[in-house]
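So you can see what is in the structure, the chains are spelled out below.
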Amino acid sequence: MEISKKIFKKKDSFLHFKNTGKKSWKVESEKILNFLNKSNYLNTLNDQEKDIILRIKKDLKLLDDSKDNLFLLKNNSIVEFNTYDNESDKIQYLIHRYRYDIFPSTKELYDYPPLVQIEPSSICNFRCVFCFETDKTFTNKKNGHMGTMQLEVFKKIIDQIHNKVQFITLASRGEPLVSKDFNNMLKYTAGKFLNVKINTNASLLNEEKSHAILSSGVKTVVFSADAADEKLYSKLRVNGNLTKTLNNIKKFNEVKNKHYSKAKIITRVSGVKFSSDQNFEDMENFWGSLVDQVAFVDYNPWENNYEKEPNNITTACSDLWRRMFIWWDGKVNPCDVDYKSNLSVGNILNKNVKDLWLSKEYENLRNKHTQKKRSELTPCKSCSVV
């Protein structure tokens, strides 16, 4: 049943992606280039930001999608870009998107990560067959991995990264809507970031949470679903109920259409391509009328990385330059493949985001990877993410 590949490319994790109103990326890139050439806002940028804009303009002029290290906005990014009204927001989005997309290839660092991924909860009500929540050594409460983030810890993180980081994701090892403080967390992020994204299985989504998401200015909400029929859905998302998930998303849309019709939020159903039984055309037909985007992402066999044999992959992991993960208890981790935190670099309760991102511990991990020594790290030695 399992579909696996030797290497999992974070940069190209979409296997299938359908966006309503899809336009040519070349046409959109030309529009963005023209916008930058006419912008007066560029004069207000600092030297680092101006340098990135020059690099963006150079890449956009090439209009070549065959080179890995060029900055080419993909369909999902183009849609995000077009949701911004202000000239300053559009340009800041491009700058931060560039850092997120390109810095993992160029191995560049700024004082803060391009994206911070915050975990409201490590607890999940599902036991998806492709997820590490199936690992009982992880979900056993006695081992200390299970919990939900306190609101004060969340606020501490947001205060540190406001005006420093523009992309945040609320999700990681567990289901974020499990957190009793989820609504207040969203309220505290309102107006502070260009791009707030939520990943949820939608099983706990209700009218109150829908209002919280839509009123806070969340840019993208991803509903995790991998099938278009109840039998396969239940087989993949153990404990899940397709009818309930479907009805919750319909209710979300009702709330949006009635109360937030002008909200520029992007909705996506995204599934993990785990089984040959999954059909993307079926997914489009079933979910397409309910969301803006439908996608399949590549399956990354992360649920047993601590047990797998070492591989011969020496390419550095892109997450070391792309994002920082902060668990519910404040622990900072370089990735979520290491879901039991072997590689933790510290805790937000004792050190701030900037110091942790630039810490010796983080730098040691990056050096191991750039020196092709990921085999000396667990679970890096068995991980396929690059």
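An account of the accompanying structure is given in this report.

Quick notes on the rules
Note on numbering: residues in each chain are counted from 1, in written sequence order. It should be noted that, the model being predicted, local features are given only for residues of pLDDT at least 70 and side-chain atom pairs only at 80 or more, the latter also being counted only at that level, while totals for whole chains, interfaces and linings use all residues. By convention in this description, side-chain values take in all heavy atoms of the structure and omit both hydrogens and water. In this text, buried Ala, Val, Leu, Ile, Met, Phe, Trp, Tyr and Cys residues form a nonpolar core when linked through side-chain atoms within 4.5 Å. Residue exposure (1.4 Å probe, protein chains only): buried if accessible area is under 20% of the type maximum, exposed if over 50%, otherwise partly exposed. Put simply, DSSP marks the helices as runs of H or I at least four residues long and the strands as runs of E at least two long, and each gets a number from the N terminus on. It only takes one pair of heavy atoms within 4.5 Å for two residues to be counted as in contact. With the strands aimed away from the viewer, a crossover counts as right-handed if its path from the first strand over the helix to the second runs clockwise. We call two strands paired when DSSP finds no fewer than two bridges between them. Fitted lines through C-alpha atoms serve as axes, helices being fitted only where they are in contact, and the angles separating the N-to-C directions of these axes extend from 0 to 180 degrees. Put simply, angles under 35 degrees are roughly parallel, angles over 145 are roughly antiparallel, angles from 65 to 115 are roughly perpendicular, and the rest are oblique. For a crossing to be left-handed, the near helix must be turned anticlockwise from the far one by less than a right angle; the clockwise case is right-handed. Amino acids outside the nonpolar list (Ala, Val, Leu, Ile, Met, Phe, Trp, Tyr, Cys, Pro) and the charged list (Asp, Glu, Lys, Arg) are all regarded as polar, and Gly is one of them. A pair of Phe, Tyr and Trp rings is counted when the ring centres sit within 6.5 Å of each other, with Trp represented by its six-membered ring. The angle between the planes then sorts it: under 30 degrees is stacked, over 60 is edge-to-face, the rest tilted. A helix is expected to reach a length of 1.5 Å times the quantity of its residues less one. Working definition: the arc comes from the directions between the helix axis and the C-beta atoms, pointing outward to the latter.

## As for the nonpolar core
Consideration 1: Core analysis: the largest hydrophobic core is formed by 86 residues, its most contacted members being Met149, Ile161, Ile168, Ile213, Phe223, Trp287 and Ile326.
Consideration 2: Looking at which element gives the most residues to this core, the answer is helix H6 (residues 151-161), with 6 residues.
Consideration 3: Every residue in contact with Ile168, bar those within four places of it in the chain, is listed here: Leu115, Val116, Ile158, Ile161, Thr189, Phe193, Asn195, Val196 and Lys197.

## A few points about the pairing of strand S5 (residues 220-224)
Consideration 1: Buried residues dominate S5, accounting for 5 of its 5 residues.
Consideration 2: Alternating residues of S5 divide into Thr220, Val222 and Ser224 and Val221 and Phe223, and every residue in both groups is buried.
Consideration 3: For the crossover that starts at strand S4 (residues 195-200), traverses helix H8 (residues 207-215) and ends in the parallel S5, the hand is right-handed.
Consideration 4: Where S5 lies against strand S6 (residues 266-273), 5 bridges are found, and the strand directions are parallel. Following the sheet pairing, Thr220 is matched in S6 by Ile266.

## Observations concerning the packing of H8 against helix H10 (residues 242-259)
Consideration 1: Packing of H8 against H10 brings their axes to within 9 Å, and their N-to-C directions diverge by 50°. Our classification of the angle between H8 and H10 gives oblique. Between H8 and H10 lies a crossing whose hand is right-handed. Touching Glu207, Ser210, His211, Ile213 and Leu214 of H8 are Lys251, Phe252, Val255, Lys256 and His259, all from H10.
Consideration 2: Residues of the contact of H8 with H10, tallied by class, amount to 4 nonpolar, 3 polar and 3 charged.

## Some remarks on the packing of aromatic side chains
Geometrically, a pair of aromatic rings is defined through the distance of the ring centres and the angle of the planes.
Consideration 1: Inspection of every chain in the model, using the stated rule, returns 18 aromatic pairs.
Consideration 2: When the ring of Tyr84 is compared with that of Tyr93, the centres are 5.3 Å apart and the planes differ by 40°; the resulting orientation is tilted.
Consideration 3: A residue is classified by how much of its surface remains accessible, and Tyr93, at 0% relative accessible area, is buried.
Consideration 4: Look at Tyr306 and Tyr339: their rings are 5.0 Å apart centre to centre, the planes differ by 80°, and that puts the pair in the edge-to-face class. Of the two residues, Tyr306 sits in the loop between strand S7 (293-298) and helix H12 (319-322) while Tyr339 sits in the loop between strand S9 (331-333) and strand S10 (346-347), which places them 33 residues apart along the sequence.
Consideration 5: Classification of Tyr306 by relative accessible area gives partly exposed; the value is 22%.
Consideration 6: Three or more aromatic residues joined by ring pairs form one cluster here, namely Phe35, Phe81, Tyr84, Tyr93 and Phe167.

## Quick word on unusual backbone geometry
The bulk of non-glycine residues show a negative phi, and the bulk of peptide bonds are trans.
Consideration 1: In this model, Thr378 is joined to Pro379 through a cis peptide bond whose omega is 15°.
Consideration 2: With respect to the helices, strands and loops of the structure, Pro379 is situated in the segment after helix H14 (360-370).
Consideration 3: Not every positive phi belongs to a glycine, and Asn163 is a case in point at roughly 70°.
Consideration 4: On the secondary structure map, Asn163 appears in the loop between H6 and strand S3 (167-170).
Consideration 5: Asn163 gets classed as exposed once you look at its relative accessible area, which sits at 59%.

## Focus: helix H1 (residues 25-38)
Consideration 1: For H1, built from 14 residues, the straight-helix expectation of 20 Å at 1.5 Å per residue is met to within 8% by its first-to-last C-alpha distance of 20 Å.
Consideration 2: Glu28, Ser29, Ile32, Leu33 and Leu36 are the residues of H1 that are buried. The buried residues of H1 occupy an angular sector of 140° when the element is viewed end-on, so they sit on one face.
Consideration 3: Buried positions along H1 lie against helix H2 (47-62), helix H3 (75-81) and helix H4 (87-106).

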